[in-house]
Structure formats: C-alpha cells, structure tokens
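Each chain, written out:
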Amino acid sequence: MQELNHLLSVDSGGLEITTEGKAMNNNISEWFANAQHTIADNPAWGHNLAPFQFITQTEDDAVMMEMAIFEKLPVDVKGLTIHGIRVSFPSIDEFLIELQHKYGLYKQLLPLR
C-alpha cells in the first residue's frame with residue numbers, strides 16, 4: 001500500500017509517499033481532517049463527529065464517539081480493519097483517539113470544534 005501524504009508534503013525526492021502503516025495512518029488523519037459534506041466531489045466522505053462538538057465529555061459520550069467512528073471510518077477508508085478503538089477527553093475542547101488497525105496504532109489528539 002502506497003499513498004501520497006494528504007497534505008501533499010514534499011521531501012528530498014519530491015512529493016512524500018507513505019507506505020503500509022504510515023499510509024493507513026495518513027488516510028485516517030485525512031478522514032479526521034475533513035468533516036462529512038465538505039468534499040465537493042464526494043460529500044459522504046469524511047468524519048461524522050460534528051454532533052459531538054458540545055458534549056459533556058463523559059464516558060458515555062466517548063463510547064458514542066467510538067461507535068460513530070467504528071461505523072463510518074472503515075466505509076470511507078478502504079482497506080481499514082479496526083481491531084480496537086478508544087476515545088478520551090484530556091482537555092475541554094480536545095479528544096484523544098487511539099485506534100488499533102492491521103498495520104499498527106493510530107494515536108492523535110484532535111480538536112472537538
């Protein structure tokens with residue numbers, strides 16, 4: 001599996017190309033960076049986390065976010081098999097996502113808004 005970096009980063013050889021685990025993490029990062037209905041030619045693609053912007057950040061809210069991600073992410077990111085997922089809230093307007101997939105671990109602190 002090879003993918004271009006979703007931010008079109010450039011390295012010494014030109015456009016940065018990622019492989020295997022880094023490629024899958026790149027695709028997951030791109031998915032979290034784009035909300036659903038924001039891509040003109042594919043409005044269904046992207047995260048569906050807008051309803052969680054103003055949640056109370058309880059354990060129940062984390063489980064609901066996990067279910068929303070678990071349901072939509074593998075549909076949008078081809079080849080992704082989720083083995084485990086965990087959402088936590090380290091601060092008032094951020095969430096930490098830990099996602100285990102077949103190529104490794106994706107762990108990222110992301111804004112809720």
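Since we're looking at a predicted model, the values are computed, not measured.

**Student:** Looking at this model, I keep getting lost on the pairing of strand 7 (residues 104–111). Mind explaining?
**Tutor:** The side chains of a regular strand alternate, residue by residue, between the two faces of the sheet. Looking at chain direction, strand 6 (residues 94–101) and strand 7 are connected through eight bridges and run antiparallel. Bridging from a neighbouring strand, Gln100 pairs with Leu105 of strand 7. Linking two consecutive strands that pair antiparallel, namely strand 6 and strand 7, is a turn of two residues.

**Student:** Is there a simple way to think about the pairing of strand 6 in this case?
**Tutor:** Here strand 5 (residues 82–91) pairs with strand 6 via seven bridges, running antiparallel. Looking at strand 6, one finds that Ser88 is bridged to Leu96. Between strand 5 and strand 6, which pair antiparallel one after the other, the connecting turn spans two residues.

**Student:** Honestly, the sheet that holds strand 5 in this entry has me stumped. Any pointers?
**Tutor:** The strands making up a sheet associate through backbone hydrogen bonding, with each pair oriented either parallel or antiparallel. The three strands are arranged 5-6-7 in an open sheet whose pairing can be described as antiparallel. The open sheet has two free edges, formed respectively by strand 5 and strand 7, since each of these has just one partner strand. For this sheet the average axis-to-axis angle between neighbouring strands, irrespective of direction, equals 15°. Packing against the sheet, helix 2 (residues 59–76) makes contact with strand 5 and strand 6, and its axis sits at approximately 140° to strand 5.

**Student:** Sorry if this is basic, but what is going on with the packing of aromatic side chains here?
**Tutor:** Under the definition given, this model contains three aromatic pairs. Summarising the aromatic geometry, the rings of Phe32 and Tyr106 are spaced 6.0 Å apart at their centres and angled 10° between planes, so their arrangement reads as stacked. Here Tyr106 lies in strand 7 and Phe32 lies in helix 1 (residues 20–33), a separation of 74 residues in the sequence. Here the aromatic residues Trp31, Phe32, Phe95 and Tyr106 are joined through ring pairs into a cluster of three or more.

Quick notes on the rules
Residues numbered from 1 in each chain as written. Predicted model: local features only at pLDDT ≥ 70, side-chain atom pairs only at ≥ 80, totals over all residues. Heavy atoms only, no water. Pairing = 2+ DSSP bridges. Helix = DSSP H or I, 4+ residues; strand = E, 2+ residues; numbered from the N terminus. Axes fitted to C-alpha atoms, helices over the stretch in contact; angles between N-to-C directions. Contact = heavy atoms within 4.5 Å. Phe/Tyr/Trp six-rings, centres within 6.5 Å; stacked < 30°, edge-to-face > 60°.

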